[in-house]
Amino acid sequence: MSSVQDTKVVATCSQELTTSGKGSLSARCTEKSGDVFVEVTSADDARLAELGYKGEFRREFSLFETVAFAFSIMAVIGGVSSTLSFGLASGGHVGMVWGWFIPCLFVMCIAGSMAELTSSMPTSAGLYYFSAKLAPERYSALASWVTGWANITGQITLVCSIDYTVAQMITTAIAASTDGAVVLGAGPTYGILLAILAVHGVICSAATKVLARMNLFYGFLTAGATVAAIVALLVCAGNKKVSTKTAFMSYENNTGWRNDGWAFLLAFAAPMWSLTGYDSAAHISEEVTDAARAAPIAILVSVAAVGSMGWILIVAASFATVSVPALLETDLALPMGQLLLDVLGKRGMLAVWSFTIVAQFLCGAAQCVDASRVVFAFARDNALPGSRWWKRVNKQTQTPVNAVWLVIVLSALCGLLEFSETAFSSLAGASVIGLYTSYATPILLRVTSGRHKFVPGPFSLGRWSTPIGAIAVAWVAFIVVLLCFPPSQTTTAAKMNYAPVIVLAVFIFAGASWVVSARRWFAGPLPNIDCLRYDPQSKEM
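Note that this is a predicted model, so its numbers are computed, not measured. Sequence positions are assigned chain by chain, starting from 1 and proceeding in written order. Predicted model: local features are reported for residues with pLDDT of at least 70 only, side-chain atom pairs are reported and counted for 80 or more only, and whole-chain, interface and lining totals are derived from all residues. The side-chain figures draw on all heavy atoms in the structure; neither hydrogens nor water molecules are used.

Undergrad: What is the right way to look at the overall build of the chain in this model?
TA: Along the chain, the regular secondary structure elements total 20 helices and 3 strands. Any residue under 20% of the maximum accessible area for its type is buried, any over 50% is exposed, and the rest in between are partly exposed; the area is computed with a 1.4 Å probe on protein chains only. Per-residue burial for the chain yields a buried fraction of 58% across its 541 residues. Of all intrachain contacts in the chain linking residues separated by at least 6 positions in sequence, the fraction that spans at least 24 positions is 82%. Where accessible areas are quoted, they stem from the Shrake-Rupley method and a 1.4 Å probe; at the residue level, only the protein chains shown are allowed to cover. Total accessible area computed for the chain in this model is approximately 20800 Å², and 64% of it derives from carbon and sulfur atoms. Runs of E in the DSSP output that reach at least two residues are strands. Runs of H or I that reach at least four are helices, and both are numbered from the N terminus. It only takes one pair of heavy atoms within 4.5 Å for two residues to be counted as in contact.

As structure tokens, this is what we get:
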């Protein structure tokens, strides 16, 4: 998309949508000095202009590719393999099976509300744009500020936690292949993490068309690896499978918390971490064709697919788990690796595990793309220190390369938590708290102050919007409190849950910035096309 001016266009009088000689659409904004024309090449860009932005990316994600992108970020087999220990500790078989199933029902409510918002306002600014438009005018900028910083906190810690699990998977493979002779510690694992982050930085700096095609491969590989793991566990376990009653109803508390009910609730962290990042469909909506329809479909389909496939994989793992304590006491970095080793043998385990590593690696790449788009959008509205650098779009690839590498550097810093015994649970908790806080804020505003000014898009929950939104917000409030607690009733500095520390540190910085200066200059999303009116009924495109 091109424009007469690259800077913000200020229009004070009339506007109209006209058709150029080439058949493209143009928006005319009348100024005191004359007419300013902004070329709009599609209905998507016209809608984006109505929201206040000129398109800066190529729209090369199709519906299927958008679904694959959101699905890849929540890589099923990678998520289950990384978090199996949560359920094993917090209830054994019950924690695994029902600790996954129950949260999925509530996450679908959140996904439905987010899909409705995305359909109405398909922009890369996403969640913090939604908050700004739905909050009372007096608090619009503050709502946007809080949502944006919460989302960026979750996005960056999610990149780090995903890539950290890839590093853990690699060390697990090394230990299994050497029969335990080589067990890498925290230092080498951090080195592997840095290498993974660097490769992801290169991949995510590529052109949009390349990223879109790669995500189709991501999606098929992730789905295929998940199905292969399910079949392998059920078939190869043979007569060693536990009974149906044991697989679904056997409970044991290995957390250190005396209250069994509370211990079971901690298992909810597994699916809540795995089912994050589906807001990616909103963040890449400026690169999606027919975004108002494709993005919400991608959100709903990906969450439903990952939730259901993940539960089936969890059930298969539960049937194949003969001894919960044995898996928790393994010397391997991840208990899922030990389970596959016990059931499939070394060769079979390494075969399935290699696909798991690739799937999780590609999941990290997809999440890095998502996080970079969030950073770009927030910087575009001058909300980040050094925004003029992070909002630059590379002329050759037309992607925000500077934002990509900012995400990589910050993720590497977060990775220093790896030297703590609770590194993964802390990073996972911080990403869930940050992301779901940013999910719940615009949903809360949608069902309260914004219910009368919300304009539905092609996808709408209709009369169910308010009750579904209320359930979504209540669930997020519960989960945020839950994830602030340590994994055991007694804790030490090495075993402390650092998730609330990470989130609190960011919010102290963001809060101080707001009080000291941002409240004077931050006005929320800043349009770079001002006052464009677009009536989708007036033209057929």
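Undergrad: I keep staring at the state of the cysteines and nothing clicks. Help me out?
TA: Such a bond, covalent and formed between the sulfur atoms of two cysteines, is termed a disulfide. Cysteine sulfur atoms are paired as a disulfide whenever they fall within 2.5 Å. For the structure shown, the criterion picks out 0 disulfides. With no disulfide partner, Cys414 has as its closest neighbouring cysteine sulfur the one in Cys160, 5.4 Å distant.

Undergrad: What is the right way to read helix α1 (residues 43-51) from this model?
TA: Listing the buried residues of α1 in full gives Asp44, Asp45, Ala46, Leu48, Ala49 and Leu51. At the C-terminal side of α1, Gly52 shows a positive phi close to 115°.

Undergrad: Explain the packing of helix α6 (residues 140-177) against helix α15 (residues 335-380) to me, please; I cannot follow it from the model alone.
TA: Angle between the axes and distance between the axes: these two values describe a pair of packed helices. To obtain each axis, a line is fitted to C-alpha atoms, and for helices this fit is confined to the stretch in contact; angles are then taken between N-to-C directions over 0 to 180 degrees. At their nearest, the axes of α6 and α15 sit 8 Å apart, and the two run at 155° to each other. As judged from the angle between their axes, α6 and α15 are roughly antiparallel. For the crossing formed where α6 meets α15, the hand is left-handed. Residue polarity follows a fixed list, in which Ala, Val, Leu, Ile, Met, Phe, Trp, Tyr, Cys and Pro are nonpolar, Asp, Glu, Lys and Arg are charged, and the others, Gly among them, are polar. Of the residues belonging to the contact of α6 with α15, the class tally is 21 nonpolar, 12 polar and 3 charged. We call two directions roughly parallel when the angle between them is under 35 degrees, roughly antiparallel when it is over 145, roughly perpendicular when it lies between 65 and 115, and oblique otherwise. Take the far helix as the reference: if the near one is turned anticlockwise from it by less than a right angle, the crossing is left-handed, and if turned clockwise, right-handed.

Undergrad: Even after reading the chapter, I still don't get the packing of aromatic side chains, so can you show me in this structure?
TA: The geometry of an aromatic ring pair is captured by two quantities: the separation of the ring centres and the angle between the planes. The criterion for an aromatic pair is that two Phe, Tyr or Trp rings (for Trp, the six-membered ring) have centres within 6.5 Å, with stacked assigned to planes under 30 degrees apart, edge-to-face to planes over 60 apart and tilted to the rest. Across all of its chains, the model carries 30 aromatic pairs by this definition. A ring pair is formed by Phe268 and Trp475, whose centres lie 5.8 Å apart and whose planes are at 40°; its orientation type is tilted. Highlighted residues: Phe268 in the loop between α10 (260-265) and α11 (269-274) and Trp475 in helix α19 (residues 465-482), separated in sequence by 207 residues. Residue classification places Phe268 among the buried residues on the basis of a relative accessible area of 4%. A residue is classified by how much of its surface remains accessible, and Trp475, at 7% relative accessible area, is buried.

Undergrad: Just checking my understanding: could you explain unusual backbone geometry for this structure?
TA: Apart from glycine, the bulk of residues carry a negative phi angle, and the bulk of peptide bonds sit in the trans form. One non-glycine residue with positive phi stands out, namely Asp290, at about 55°. With respect to the helices, strands and loops of the structure, Asp290 is situated in the loop between α12 (280-283) and α13 (291-320).

Undergrad: I keep staring at the nonpolar core and nothing clicks. Help me out?
TA: Core analysis: the largest hydrophobic core is formed by 163 residues, its most contacted members being Ile110, Leu233, Tyr278, Leu339, Trp353 and Tyr436. For this core, the leading source of residues is α15, giving 24 residues. With residues near it in sequence (within four places) discarded, Trp353 still touches Ser81, Met169, Thr172, Ala173, Leu334, Met336, Gly337 and Leu340. The set of buried Ala, Val, Leu, Ile, Met, Phe, Trp, Tyr and Cys residues whose side-chain atoms join them within 4.5 Å is what this entry labels a nonpolar core.

Undergrad: Explanation requested: the pattern of salt bridges in the structure shown.
TA: A carboxyl oxygen of Asp or Glu within 4 Å of a side-chain nitrogen of Lys or Arg is what we treat as a salt bridge. All chains considered together, the criterion is met by 3 salt bridges. Between Asp179 and Lys346 there is a salt bridge; the shortest N-O distance is 3.5 Å. Within this pair, whereas Asp179 is found in the loop between α6 and α7 (186-204), its partner Lys346 is found in helix α15, the two being separated by 167 residues in sequence. Judged by its relative accessible area of 33%, Lys346 falls in the partly exposed class.

Undergrad: Can you help me understand the side chain of Ser144 in this one?
TA: Of note, Ser144 is situated in helix α6. For Ser144, a relative accessible area of 0% corresponds to the buried category. Here a polar contact is recorded for every N or O atom pair within 3.5 Å, except that within protein the pair must consist of a potential hydrogen donor and a potential acceptor, and residues adjacent in sequence are included only if both atoms are side-chain atoms. In terms of polar contacts, Ser144 uses its side chain to reach the backbone carbonyl oxygen of Tyr128, at 3.3 Å. Ignoring sequence-local partners within four residues, the contact set of Ser144 consists of Tyr128, Ser131, Ala132, Phe378, Phe522, Gly524 and Pro525.

Undergrad: What exactly am I supposed to notice about the side chain of Gln155 here?
TA: Its place among the elements puts Gln155 in helix α6. Within the local environment of Gln155, its side chain forms a polar contact with the side chain of Asp370, the two groups lying 3.3 Å apart. Those residues in contact with Gln155 that lie beyond four places of it in its chain are Asp279, His283, Gln367, Asp370, Ala371, Val374 and Leu435.

Undergrad: Can you walk me through the confidence of the model for the chain in this structure?
TA: As a general rule, the predicted coordinates of low-pLDDT regions are not to be interpreted in detail. In the predicted model, the chain carries a mean pLDDT of 85, and 88% of its residues have values of at least 70. Values of pLDDT, ranging from 0 to 100, describe the predictor's confidence in every residue of the model. Contacts of residues 1-37 to residues separated by more than four positions or lying in other chains number 76 contacts, the stretch itself having pLDDT below 50. This stretch, residues 531-541, has a pLDDT under 50; its non-local contacts, to residues over four places away or in other chains, come to 19 contacts.

Undergrad: Please clarify how the environment of Arg59 should be interpreted in this entry.
TA: The topology assignment puts Arg59 in the loop between α1 and α2 (63-73). The spacing of Arg59 and Glu286 is 227 residues in sequence and 6.7 Å in space, taken between C-alpha atoms. In this view, Arg59 contacts Ser42, Asp44, Asp45, Leu48, Ser285, Glu286, Glu287, Val288, Thr289 and Ala291; residues no more than four positions away in its chain are not counted.

Undergrad: I'm lost on the packing of helix α3 (residues 76-89) against helix α4 (residues 93-120) in this one. Help?
TA: One way to put it is that α3 packs onto α4 with a least axis distance of 8 Å and a crossing angle of 115°. The orientation of α3 relative to α4 falls into the category roughly perpendicular. When the axes of α3 and α4 are compared, the crossing they make is right-handed. Contacts between α3 and α4 involve Val80, Leu84, Gly87 and Leu88 on the former and, on the latter, Gly95, Met96 and Trp100. Here the residues of the contact of α3 with α4 are counted per class, giving 5 nonpolar, 2 polar and no charged.

Undergrad: Looking at this structure, I do not really get the environment of Leu221. What am I missing?
TA: With respect to the helices and strands, the residue Leu221 is situated in helix α8 (residues 208-237). Separated by 141 residues in the primary sequence, Leu221 and Leu362 place their C-alpha atoms 9.2 Å from one another. Once residues lying within four places of it in the same chain are set aside, the contact partners of Leu221 are Phe355, Val358, Ala359 and Leu362.

Undergrad: Please clarify how α19 should be interpreted in this entry.
TA: Given 3.6 residues per helical turn, the α-helix brings residues three or four places apart onto the same face. Multiplying one less than the number of residues by 1.5 Å gives the expected span of a helix. An ideal rise of 1.5 Å per residue puts 26 Å on 18 residues; α19 measures up with 26 Å between its terminal C-alpha atoms. Listing the buried residues of α19 in full gives Ser465, Gly469, Ala472, Val473, Trp475, Val476, Ile479 and Leu482. At its buried positions, α19 is contacted by α4, α10, α11 and α18 (423-447).

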